[in-house]
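# An overview of the molecular structure
If you want the building blocks of each chain, they are given just below.
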Amino acid sequence: MTRTRPDGRIRRQGWRALGLAFVLHGLSTASAQGDTLTVVADRAQLVVVLDTPAIQETEAVDSTWVQRVDSLWWAWCEEAHCVSTDSAIWYAGTDSKALAAALDTAAILRDLADLDRRSTLDLAPHGAVLDRIAFMMRRRPIFLGRMMGRAPQYFPLFEEALDRHGLPLELKYVPVLESGLNPLARSGAGATGLWQFMYNTARRQDLEINSWVDQRRDPIAATDAACSFLKRLHEIYDGDWHLALAAYNAGPGNVNKAIRRAGSRDFWKVRRFLPRETARYVPSIVALAYLFAHPVEAGLVPSDPAVPAFALDTVVVHRNLRFDQVAHVTGRPVSEIAQLNPQYRK
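So, here's what we can say about the structure. The structure presented is a predicted model; accordingly, all values stated were derived computationally and were not measured.

### Here we look at the overall build of the protein chain
- From N to C terminus, the protein chain includes 16 helices and nine strands.
- Relative to its full complement of 346 residues, the protein chain shows a buried share of 47%.
- Carbon and sulfur atoms make up 50% of the accessible area of the protein chain, which totals about 17,700 Å².

### Concerning the packing of aromatic side chains
- Counted according to the given criterion, the structure contains 10 aromatic pairs.
- Note on Tyr173 and Phe292: the rings are 5.2 Å apart at their centroids and 50° apart in plane angle, and the pair reads as tilted. Of this pair, Tyr173 sits in the loop between helix 6 (141–164) and helix 7 (174–179) while Phe292 is found in helix 13 (residues 276–293), placing the two residues 119 residues apart along the sequence.
- Of the aromatic side chains, those joined through ring pairs into one cluster are Tyr154, Phe155, Phe158, Tyr173, Trp195 and Phe292.

### Concerning unusual backbone geometry
- Even without being a glycine, Gln196 presents a positive backbone phi close to 55°.
- Mapped onto the fold, Gln196 is located in the loop between helix 7 and helix 8 (199–204).
- By relative accessible area, Gln196 is classed as buried at 13%.
- Even without glycine at this site, Asp238 takes up a positive phi of about 55°.
- Judged by relative accessible area, which is 58%, Asp238 ranks as exposed.

### With respect to the environment of Leu194
- If you trace the backbone, Leu194 turns up in the loop between helix 7 and helix 8.
- For Leu194, a relative accessible area of 1% translates into the label buried.
- Linking Leu194 and Leu177, residues 17 residues apart in sequence, is a C-alpha distance of 9.5 Å.

### Digging into helix 11 (residues 252–262)
- Taken together, the buried positions of helix 11 are Val255, Ala258 and Ile259. For helix 11, the angular spread of buried residues about the axis comes to 105°, placing them on one side. In this structure, helix 11 carries Arg260 and Arg261 as exposed residues pointing more than 90 degrees from its buried face.
- The secondary structure elements touched by the buried residues of helix 11 are helix 10 (241–250) and helix 12 (267–270).

### Here we look at the pattern of salt bridges
- In total, this model carries 10 salt bridges according to the counting rule given.
- The structure contains a network of salt bridges with shared partners spanning Asp114, Arg117 and Arg118.

### Overview of a positive patch on the surface
- Residues Lys97, Arg138, Arg139 and Arg140 make up a contiguous surface patch of positive charge.
- Mapped onto the elements of the fold, Arg140 is located in the loop between helix 5 (127–139) and helix 6.
- You can call Arg140 partly exposed: its relative accessible area is 36%.

### Describing the environment of Arg271
- In this structure, Arg271 sits in the loop between helix 12 and helix 13.
- Between the C-alpha atom of Arg271 and that of Ile259, which follows or precedes it by 12 residues, the distance is 8.8 Å.
- Once residues within four sequence positions are removed from consideration, Arg271 is found in contact with Ala128, Ala279 and Pro283.
- A distance of 2.7 Å separates a polar side-chain atom of Arg271 from the backbone oxygen of Ala279.

### Side note on the side chain of Thr223
- Structurally, Thr223 is set in helix 9 (residues 219–236).
- If we ignore the near neighbours within four places in the chain, the residues touching Thr223 are Leu157, Phe158, Ala161, Trp195 and Asp218.

### Structural notes on the side chain of Glu178
- Position of Glu178 among the secondary structure elements: in helix 7.
- Excluding residues that lie within four positions of it along the chain, Glu178 makes contacts with Leu194, Gln196, Tyr248, Asn249 and Tyr281.

### Some points on the packing of helix 10 against helix 11
- As a packed pair, helix 10 and helix 11 sit with axes 7 Å apart at the nearest point and diverge in direction by 130°. In terms of axis orientation, helix 10 runs oblique to helix 11. Between helix 10 and helix 11, the residues in contact are Leu243, Ala246, Ala247 and Ala250 and Pro252, Asn254, Val255 and Ile259, respectively.
- Split into classes, the residues belonging to the contact of helix 10 with helix 11 amount to seven nonpolar, one polar and no charged.

So, how was this worked out
- Residues numbered from 1 in each chain as written.
- Predicted model: local features only at pLDDT ≥ 70, side-chain atom pairs only at ≥ 80, totals over all residues.
- Heavy atoms only, no water.
- Helix = DSSP H or I, 4+ residues; strand = E, 2+ residues; numbered from the N terminus.
- Buried < 20%, exposed > 50% of the residue type's maximum accessible area, 1.4 Å probe, protein only.
- Areas by Shrake-Rupley, 256 points an atom, 1.4 Å probe, with all protein chains shown as cover.
- Phe/Tyr/Trp six-rings, centres within 6.5 Å; stacked < 30°, edge-to-face > 60°.
- Arc of directions from axis to C-beta.
- Contact = heavy atoms within 4.5 Å.
- Salt bridge = Lys/Arg side-chain N within 4 Å of Asp/Glu carboxyl O.
- Patch = residues over 30% accessible without salt bridge, like charges linked within 9 Å, V, L, I, M, F, W, Y side chains within 5 Å.
- Lys, Arg positive; Asp, Glu negative; His and termini not counted.
- Charge placed at Lys NZ, Arg CZ, Asp CG, Glu CD.
- Polar contact = N/O pair within 3.5 Å; in protein donor to acceptor, adjacent residues only side chain to side chain.
- Axes fitted to C-alpha atoms, helices over the stretch in contact; angles between N-to-C directions.
- Parallel < 35°, antiparallel > 145°, perpendicular 65-115°, else oblique.
- Nonpolar A, V, L, I, M, F, W, Y, C, P; charged D, E, K, R; others polar.

Right, here's the structure in full:
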């Protein structure tokens, strides 16, 4: 059965912004009038509302010129956004497991201190952080490679929201640990989405959850909600990001109980009274900040690259559409349309 979509935003690959015009691959005719764009392809029509000023295309554009400009645009994007089509060129060298066996602790401590100076997240070196770095290099190189491959699709979105909320950009590594950058991830306890919101927490953050939509799986809505939640936790714990992150993972109740038992508000003293997963959580976030900043030194190779954020755009539809209809007009696979719009349940 093909799924039907309520009114909402559809994200898709293939839109290329050239000035005020949009280039649609594989479409025979594209014209804009007022605030709507009508796309004609194989006798089917798709009408979408654009988030851009009204534009009007009256003349056919030479396809050779469009292809040349499109290729130049892609070349610039690859250079500007560090998208490599051959990661082996960038990451040739000793593999992560061999490097972990002879860890250069002095270099890692120096690099962590440098990261800490440039962040408000408190990335200061600690023995527990070194342990997590060594563990991830030795036991999780394939996972980390996949995360680096998915990062170009999600990190620009995270960074924009974190910057808008005035939060440290290094918090973008939280979804790596929480969900493996998978918006469809669901834990055994029911936490869902990139940021792993529980149902009640999501509703308190005004995320919509019903039979049609689960905004915990919406990368944009869930990221904005996570920023608000993290900011609130940061305020509750008087600006201590370590305690705020621990509370994000285990809940404020468990963190407060651990603080009382430890008789201290120093995370590294409180840590031994936290659940095992949470005790490793904060050191793992710091470890990820180091590993993503120094992949060559860690011997990590990006793999399975996702569609980067600069190749995606959002359009607003004003009537119910099925994914197969969108796929037919855009020329993209139904599976790709579904992957880019994970918030729709059925």
